[in-house]
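Analysis of the macromolecular model
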Amino acid sequence: MTEPLVDLPTTDAEWRVRLSPDEFRVLRRAGTEAPWSGEYVSTKTAGVYNCRACGAQLFESTSKFDSHCGWPSFDDAIPGTVKEIEDRSMGMSRTEIRCARCDSHLGHVFRGERMTDKNTRHCVNSLSIKLDPAAG
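All chains use their own residue numbering, which begins from 1 and follows the written sequence. The predicted origin of the model limits local features to residues at a pLDDT of at least 70 and limits the giving and counting of side-chain atom pairs to 80 or more, whereas totals for whole chains, interfaces and linings rest on all residues. Hydrogens and water molecules were not included; the side-chain quantities draw on all heavy atoms of the structure.

A look at the sheet that holds strand β5 (residues 82-87)
The test is simple: Here, a strand pair is defined by DSSP locating no fewer than two bridges between the strands. Put simply, DSSP marks the helices as runs of H or I at least four residues long and the strands as runs of E at least two long, and each gets a number from the N terminus on.
Taken together, six strands build an open sheet; the order of strands is β3-β4-β8-β7-β6-β5 and the sheet is antiparallel. The two strands at the open ends of the sheet, each matched to only one other strand, are β3 (64-65) and β5. Pairing analysis gives two bridges linking strand β4 (residues 73-74) to strand β8 (residues 120-124), with the strands arranged antiparallel. Directly across from Ser73, in β8, lies its bridge partner Cys123.

This is the structure in structure tokens:
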């Protein structure tokens, strides 16, 4: 299992040391990776998806589903690990999701699409998460 960082960076300079330029753009500047480009779009491996910035556990692989949207999708987050923020960028109202521990951008959450029984889709950038595969 990936252990969360003990001391979280507090400045952009410190985050830039820990993250690649693409990770920094997505996680710390609320960027988005191109659809279908992320390493976890089609992954079916069992395990836990952690925040790539701080290591906090965010999503169980059992909540991952194929939404055909171009980004990894989860119908549930581990309770208390993701916070929601209103996002009015790009001329629309959406709900951004961020890591509750380090405030890094993960993606957006959509409700009411009827893709799963939970009727929720956490649309997450692969650059925002890191899979910790289950043992065995």
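Focus on the sheet that holds strand β1 (residues 47-51)
What counts here: Axis angles are defined between N-to-C directions and span 0 to 180 degrees, where every axis is a line fitted to C-alpha atoms and, for a helix, only to the segment in contact.
Taken together, the three strands give an open sheet; going across it, the order is β2-β1-β9, and neighbouring strands pair in antiparallel fashion. Every interior strand has two partners, whereas the edge strands, β2 (57-60) and β9 (129-133), have only one. This sheet shows a mean twist of 30° between the axes of neighbouring strands, independent of strand direction. Across three bridges, β1 lies against β2 in antiparallel orientation. Bridging from a neighbouring strand, Tyr49 pairs with Phe59 of β2.

Regarding the nonpolar core
As a rule of thumb, soluble globular proteins bury nonpolar side chains together. Selection criterion: Side-chain atoms within 4.5 Å link the members of a nonpolar core, which is a set of buried Ala, Val, Leu, Ile, Met, Phe, Trp, Tyr and Cys residues. The cut-offs for exposure are 20% and 50% of the maximum accessible area for each residue type, with area from a 1.4 Å probe on protein chains only; residues under the lower value are buried, those over the upper are exposed, and the others partly exposed. In this description, contact between two residues means that some pair of their heavy atoms is separated by no more than 4.5 Å.
Leu58 and Phe59 are the most contacted members of the largest nonpolar core, which totals 23 residues. Those elements giving two or more residues to this core turn out to be α2 (21-27), β1, β2, β6 (94-99), β7 (105-111) and β9. Here Phe59 is in contact with Gly47, Val48, Tyr49, Phe74, Asp76, Ala77, Ile78, Val82, Ile97, His122 and Val124, once residues within four sequence places are set aside.

Notes on the pattern of salt bridges
The cut-off we apply is this: Salt bridge criterion: a side-chain nitrogen from Lys or Arg within 4 Å of a carboxyl oxygen from Asp or Glu.
Going through the model one piece at a time under the given rule, you end up with nine salt bridges. Close ionic contact of Glu84 with Arg111 constitutes a salt bridge, the shortest N to O distance being 2.5 Å. With Glu84 in strand β5 and Arg111 in strand β7, the pair connects residues that are 27 residues apart, well separated along the chain.

Overview of unusual backbone geometry
The backbone of Trp36 sits at a positive phi, close to 65°, despite the residue not being glycine. Turning to its location among the elements, Trp36 is positioned in the loop between α2 and β1. Given a relative accessible area of 53%, Trp36 falls into the exposed group. Phi is positive for Asn119, close to 60°, though the residue is something other than glycine. Relative to the helices and strands, Asn119 is located in the loop between β7 and β8. Look at Asn119 and you get partly exposed, because its relative accessible area is 28%.

Points about the environment of His108
The following threshold applies: Identification of polar contacts relies on pairs of N or O atoms within 3.5 Å, with a donor-acceptor requirement for protein atoms, meaning one able to donate a hydrogen and the other able to accept it, and with residues adjacent in sequence counted only if both atoms are side-chain atoms.
Position of His108 relative to the elements: it lies in strand β7. In sequence terms His108 and Pro21 are 87 residues apart; their C-alpha atoms lie 21 Å from each other. If near-sequence neighbours (up to four positions away) are discounted, His108 is found in contact with Asp87, Arg94, Thr95, Glu96, Ile97, Arg121, His122 and Cys123. Only 3.4 Å separates the side chain of His108 from the side chain of Arg94, close enough to count as a polar contact.

Section: the side chain of Ser67
Along the chain, the position of Ser67 falls in the loop between β3 and β4. Beyond its immediate stretch of four places on either side in the chain, Ser67 contacts Ser73, Met115 and Arg121.

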